[in-house]
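Tertiary structure, described
So the chains spell out like this:
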Amino acid sequence: MHVFWLVSMVLPQAAAACGLDSASDVSGGWLTGQLCALQNRKDLQLTVACVDGRRKTALCGTLDGVTYRILPGSQDFPALLQTVQPDLIHIWGTEYAAAAAMRQTADTLFIPVLVGIQGVMKDCAAHLCDGVPSSYLHSTPLDRMLDRAIPGALLDKMQANFDALAASEAELLSNARYVTGRTSFDRRAVTELAPQARYFACNETLRPLFYQGTEWKPRAFGRAPVLLLSQGNYPLKNLHTVLKALPALLERWPDLQLRIAGWPPLDKGPLLRPLIARLFPYQRYCRRLAASLGVADHIHYTGPLGAEAMRQAYLDADLFVLPSLSENSPNSLGEAMLLGVPCIASCAGGIPDMITDGQEGLLYGAPLDADALASAITRLLCAPDGGAALGQAARLRARQTHDPAANADTLCGIYQTIVQEETV
C-alpha cells in the first residue's frame, strides 16, 4: 500500500534526505514521531511531500525507506501524482492552499484522500485575540504602510489571516470523505464542517526524545519556583492572562520565574523601538502589562529550543502551564506529560480529553480567568509531593495516548480500511 503525505512544513527527515541543513529539530513536531513509528514497515510505502513556499525548485531524496519531496509553493500536482501513483493521499492540516489544490487534483484522478485535523482554525480564529484590549487590535494607515515595508504582527492583519484560514478549512472539509482526528473537540468540528465524512480516531506519536531518558523529579524550590510556558508571541497562547496571575503568586514566592520558550520580543535598540512597538502590538501590550504589574523582572525567554533543549526546559521547571485560548491536542502538553511534569492547563478545546482534572494535572475554567489560574498554580506548588503524583499519573496516561506502535498500527489500519473500501 502506497500512501502519499502532504504536509505544510519541511520536516527534519525531509531536510536530511534532500541534503539540506537538518541540525535544528524545532519544526516537525509530532509528525516527526509519527514518521519514525511508520518507517520501514513492510505493509506500507510512504512518500512524504513537504511544501516550502520559499523554494523555487523541487527536491527529492530517500531516508530510512521513505521517499521525501520538498515542493515549492506552486506545484504541478497532476503530474506529481501521476508519477508517484499512490493508493491514498493523507493531507495533514486543513487550511493551507496546497491542501485544497491537492484534494481537487486527487478528486480528478479518483485517488482517495484522508484529511488530518491538526488545529481547528474556526475556533482559533474565533478566540485569537480574546482578552486583548481593543486599542491594540486596530492598526492605523501608518501602521499598515510600515508593515508593507517591514512585515510585523499587526493583530487585525493576523485576524484577517486566521479568518481566511478558517474559510479554507471549511471549504476543504465541506467535500472531505474521510477525516482523522484525536479529540471530542475536533470530532464536533468535523460533525459541523464535514457531516458527510467518515471520522477515524488516531492519537499522536510525539518526538522520540520525549520517550527516553530522565523523568521529571520534584525539587525544593523555596522562594523561586519555575513556571514554563511553551509559547508567548501571539495572543492565542494567552501569555497576557499568565502575566495577570503573577502578582498573586509573587506575594507567596517572591523570586518566582516564568520561562517562555522561544524568541523574546524583537528589540533593535532605542532608535527603532517605537517602530517595532507599532508593528508588534501584542508584544507591546504584554510588555506594558508586565511593567504595570511589576512582574517584568520575573519573565525570561529561552530563545528557540530544539527537542533536546526543550526536553531539558521541561525537566528544569516546577510545573508546565498551558493557558491557551484554543487548542486541539497540544504537542507541548503531551511532551510534558510524557516526562512526568506536573501540568496546569485551561479547559479550552480538546485539552480535557488529555487531562482529567485532579488526576493527571489541574484544569482551570475560563482561559482568561487569571484568579483561577493563580489558584491552580498555588494549589499545585503547595502540594506536599510537589505535584509528583499528578506527574506520574500524567506520564502513564501519555504513554498510552502517545504509544508509537499502537498509533502506527491504528493509522495503518485506517489506511487499509479506506483503500479497501475504494477498491470494492
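Further up the page is the structure itself.
What counts and how
Residues numbered from 1 in each chain as written. Predicted model: local features only at pLDDT ≥ 70, side-chain atom pairs only at ≥ 80, totals over all residues. Heavy atoms only, no water. Helix = DSSP H or I, 4+ residues; strand = E, 2+ residues; numbered from the N terminus. Rg over C-alpha atoms; globule rule 2.2 N^0.38 Å. Buried < 20%, exposed > 50% of the residue type's maximum accessible area, 1.4 Å probe, protein only. Contact = heavy atoms within 4.5 Å. Expected span 1.5 Å × (residues − 1). Arc of directions from axis to C-beta. Polar contact = N/O pair within 3.5 Å; in protein donor to acceptor, adjacent residues only side chain to side chain. Salt bridge = Lys/Arg side-chain N within 4 Å of Asp/Glu carboxyl O. 1 Å grid on protein atoms, 1.4 Å probe; cavity = no way out; pocket = protein on both sides within 12 Å on 5 of 7 lines; lining within 4 Å. Points joined across faces, edges and corners; volume = space filled by probe spheres on them. Nonpolar A, V, L, I, M, F, W, Y, C, P; charged D, E, K, R; others polar. Pairing = 2+ DSSP bridges. Axes fitted to C-alpha atoms, helices over the stretch in contact; angles between N-to-C directions. Right-handed = clockwise from strand over helix to strand, strands pointing away. Lys, Arg positive; Asp, Glu negative; His and termini not counted.

Attention shifts here to the overall build of the protein. Secondary structure summary: the protein contains 16 helices and 14 strands in total. Relative to a compact globule of 424 residues, whose C-alpha radius of gyration would be 22 Å, the protein shows 22 Å and is just as compact. For the protein, the spread of C-alpha atoms along the three principal axes comes to 65 × 55 × 40 Å. Looking at the protein as a whole, 53% of its 424 residues are labelled buried. Sequence separation of at least 24 residues holds for 71% of the intrachain contacts in the protein that already meet a minimum separation of 6.

Taking 1.5 Å of rise per residue, 12 residues should cover 16 Å, and helix H14 (residues 370-381) covers 16 Å from first to last C-alpha, within 8% of that figure. What H14 keeps buried is the set Ala370, Leu373, Ala374, Ala376, Ile377, Leu380 and Leu381. For H14, the angular spread of buried residues about the axis comes to 160°, placing them on one side. In H14, the exposed positions angled more than 90 degrees off the buried face are occupied by Asp371 and Arg379. On its buried face, H14 is in contact with strand E9 (226-229), helix H9 (239-252), strand E12 (319-322), strand E13 (343-346), strand E14 (362-364) and helix H15 (388-401). The residue sitting at the N-terminus of H14 and contributing the capping side-chain oxygen is aspartate 369; that oxygen lies 3.3 Å from the backbone nitrogen of aspartate 371.

Here we take up the pattern of salt bridges. All told, the structure shown has 16 salt bridges when counted by the stated rule. Two residues, aspartate 143 and arginine 278, come together in a salt bridge whose shortest N-O distance is 2.7 Å. Residue aspartate 143 is located in helix H6 (residues 141-149), and its partner arginine 278 is located in helix H10 (residues 273-279); the two are separated by 135 residues in the primary sequence. Its relative accessible area of 32% is what places arginine 278 among the partly exposed residues. Among the charged side chains, a network of salt bridges with common partners joins Arg41, Asp43 and Asp409.

Our focus in this paragraph is the environment of leucine 250. Mapped onto the elements, leucine 250 comes out in helix H9. We classify leucine 250 as buried; its relative accessible area is 13%. For the pair leucine 250 and glycine 294, spaced 44 residues apart in the sequence, the C-alpha separation amounts to 9.9 Å.

What follows covers empty space enclosed by the protein. Applying the stated rule across the entire model yields four cavities of 30 Å³ or more. Computed from the structure, the largest cavity encloses a volume of approximately 60 Å³. Trp30, Gln34, His90, Trp92, Gly116, Ile117, Thr180, Gly181, Arg182, Cys202, Asn203 and Leu411 together form the lining of the largest cavity. Put simply, the parts of the chain that give the lining of the largest cavity at least two residues each are helix H2 (29-38), strand E5 (88-92) and strand E7 (178-181). Partitioning the lining of the largest cavity into residue classes produces five nonpolar, six polar and one charged. Space inside the second largest cavity adds up to approximately 40 Å³. Forming the walls of the second largest cavity are Trp216, Pro218, Arg219, Phe221, Asp318, Leu380, Leu381 and Gly386.

Turning to the sheet that holds E13, a few remarks are in order. Strand order in the open sheet formed by six strands is E11-E10-E9-E12-E13-E14, and the pairing between neighbours is parallel. The sheet is open, and its two borders are formed by strand E11 (299-301) and E14, each paired with just one other strand. The sheet shows a mean angle of 25° between the axes of neighbouring strands, taken without regard to direction. The pairing of E9 with E12 spans three bridges and is parallel. Bridge assignment links leucine 229 to a residue of E12, and that residue is valine 321. Taken strand by strand, H14 contacts E9, E12, E13 and E14, and its axis lies near 165° from that of E14.

Let us look at the side chain of serine 329. Turning to its location among the elements, serine 329 is positioned in the loop between E12 and helix H13 (331-339). With sequence-adjacent residues up to four places away left out, serine 329 is seen in contact with Arg182, Thr183, Glu204 and Met354.

So, on to the pairing of E12. Neither face of E12 is exposed, since Leu319 and Val321 on one face and Phe320 and Leu322 on the opposite face are all buried. Where E12 meets E13, three bridges bridge the pair, whose relative direction is parallel. Looking at the pairing, phenylalanine 320 lines up with cysteine 343 of E13. For the handedness criterion, the β-α-β arrangement of E12, H13 and E13 is classed as right-handed.

A word on the side chain of glutamate 169. Among the secondary structure elements, glutamate 169 is positioned in helix H7 (residues 155-174). Buried charge glutamate 169 goes without a salt bridge, the closest partner of opposite sign being lysine 122 at 8.0 Å. Not counting the four nearest positions on each side in its chain, glutamate 169 is found in contact with Thr94, Glu95, Gly119, Val120, Met121, Lys122 and Leu193.

By themselves, these observations are geometric and do not establish any function.
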